[in-house]
Amino acid sequence: MKKGVWKRLLAIVASVTLLACAAPVMAEEAPAGGTIMWLSNLTAGAQYDAAVNYLTELCDALGYSFTVVYGDSFNDAAGNLQAVKNGMTNDVVGLIASQDGGLLAIMEEYPDLYVAGYNTDMNSVFSEGGENSAVLENDHFLGTIADGHIDGADTAKNYFDACIAKGFHKVALVNFPGFAYPNLEVAAAAFKEMIEEYNASAAEEDKIELVGDVTTLMFAPLEDSWFLDGDNGSVDAIMGFCAGIQFIYPPMVSAIANGMCNPNMKLVTSGFDTDASIISAIGDSEGKIISSISVSPAEDPAYALVLLDNAITGSQFDDFAVERIDAFEYKIDSDADIDAVMTRAMLGTTLAADAQIPVDMVVNELCKRNNPDATFAQLQETFMSEALLGPDALAD
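Criteria and thresholds
Residues numbered from 1 in each chain as written. Predicted model: local features only at pLDDT ≥ 70, side-chain atom pairs only at ≥ 80, totals over all residues. Heavy atoms only, no water. Core = buried A, V, L, I, M, F, W, Y, C linked by side-chain atoms within 4.5 Å. Buried < 20%, exposed > 50% of the residue type's maximum accessible area, 1.4 Å probe, protein only. Helix = DSSP H or I, 4+ residues; strand = E, 2+ residues; numbered from the N terminus. Pairing = 2+ DSSP bridges. Contact = heavy atoms within 4.5 Å. Axes fitted to C-alpha atoms, helices over the stretch in contact; angles between N-to-C directions.

Quick look at the nonpolar core
Point 1. Residues Tyr 54, Ile 238 and Phe 272 are the most contacted members of the largest nonpolar core, which totals 86 residues.
Point 2. Counting residues in each nonpolar core, the second largest holds 20 residues, with Met 37, Val 69, Ala 83 and Leu 95 among its members.

Structure representation (structure tokens):
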């Protein structure tokens, strides 16, 4: 039995025990009205649909209404503030913020509003001298769970491990611009350092060649001409430190079909899409182009909601501290992984019933108003649990 499966069985036993002791969420326990607003950085797709479905059921179980407003596409401060203003009603009691632009202005405009982040590292808040760093002095700000790793070096380690595990010996790096994603710029630089350190002691036949400079995509697809430039077309894999499913995969498919590059070229990247042509390209069997992807769990918005509910109901964790934490590294790198995700995980089905951190667990175990023994440490451990999250946790 896999280690992850054994851990999951233990977690399920513990959950059943706790649920047996926990009181169900009754109407009188819920707040007297109130709406939770999500300032979303997504507008469509499987991850968006899963988040909306999950948050809708969670809010309903906790006695809230739920609404979505859409952040500025460039995370502009004025645009985000206007989005919140446009959707604001007098019963909004909590904001799940997936963009940090203008957060200080938003909290100044609505001083009674509790705010927790999801799917964002909130660099402008947590960086010294950041544009929104004053938010940390506001007791209505509750921290955030990032989209992936906060430290780019941890992201680089994920890509490096994939490179070694898949046996790639010739790779190219593609990235988003550093002004928009500084942590990804750090990740690309750290990846290069890891390869150099590895090559220093590796046998000649095991060394990894980095081809060319890092290619920066200005939020546009990789150009077809890239595959004909220098030695790019001969690489074993493109390491896409960006939303490669959207920006690298389509031109890569075209280049392979047109004989412009190595027909066995692979892609290691982040992002997720349930389009059938993309799903069929993910895995480790012959002919699969997308060798490995990493995404943040679809369950992560519940982390922010628990913090909001605790604050709104006056029952915050005794050990609570305003922090930002990494998301669990949800890696899909085999045919078995993608099959499990598409049939049994909320990430693939978008159904709240398939959440790997179930609605009942969130409501009855993690929210302190329903479980007086709940702790902040427990919340963080749950959202980093190998027993609950990732494809291995779905194994029969």
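A short note on unusual backbone geometry
Point 1. Of note, the phi angle at Asn 75 is positive, near 60°, even though the residue is not glycine.
Point 2. At Asn 119, a residue that is not glycine, the phi angle is positive and equals roughly 70°.
Point 3. For Asn 119, the position within the fold is in the loop between β4 (114–118) and α5 (123–126).
Point 4. By relative accessible area, Asn 119 is classed as buried at 13%.

Let's talk about the sheet that holds strand β5 (residues 141–145)
Point 1. Spatially, β2-β1-β3-β4-β5-β12 is the arrangement adopted by the 6 strands of the open sheet, whose pairing is parallel. Lying at the two open borders of the sheet, with one neighbouring strand each, are β2 (65–70) and β12 (324–325).
Point 2. Where strand β1 (residues 35–40) meets strand β3 (residues 92–97), 5 bridges bridge the pair, whose relative direction is parallel. The partner of Leu 39 across the bridge, within β3, is Ala 97.
Point 3. Its contacts with the sheet place helix α2 (residues 46–62) against β1, β2, β3 and β4, and it is angled at close to 150° to β2.
Point 4. Helix-sheet contacts for helix α11 (residues 301–312) involve β1, β3, β4, β5 and β12, and the interaxial angle to β4 is about 165°.

Purely geometric numbers; function is a separate question.
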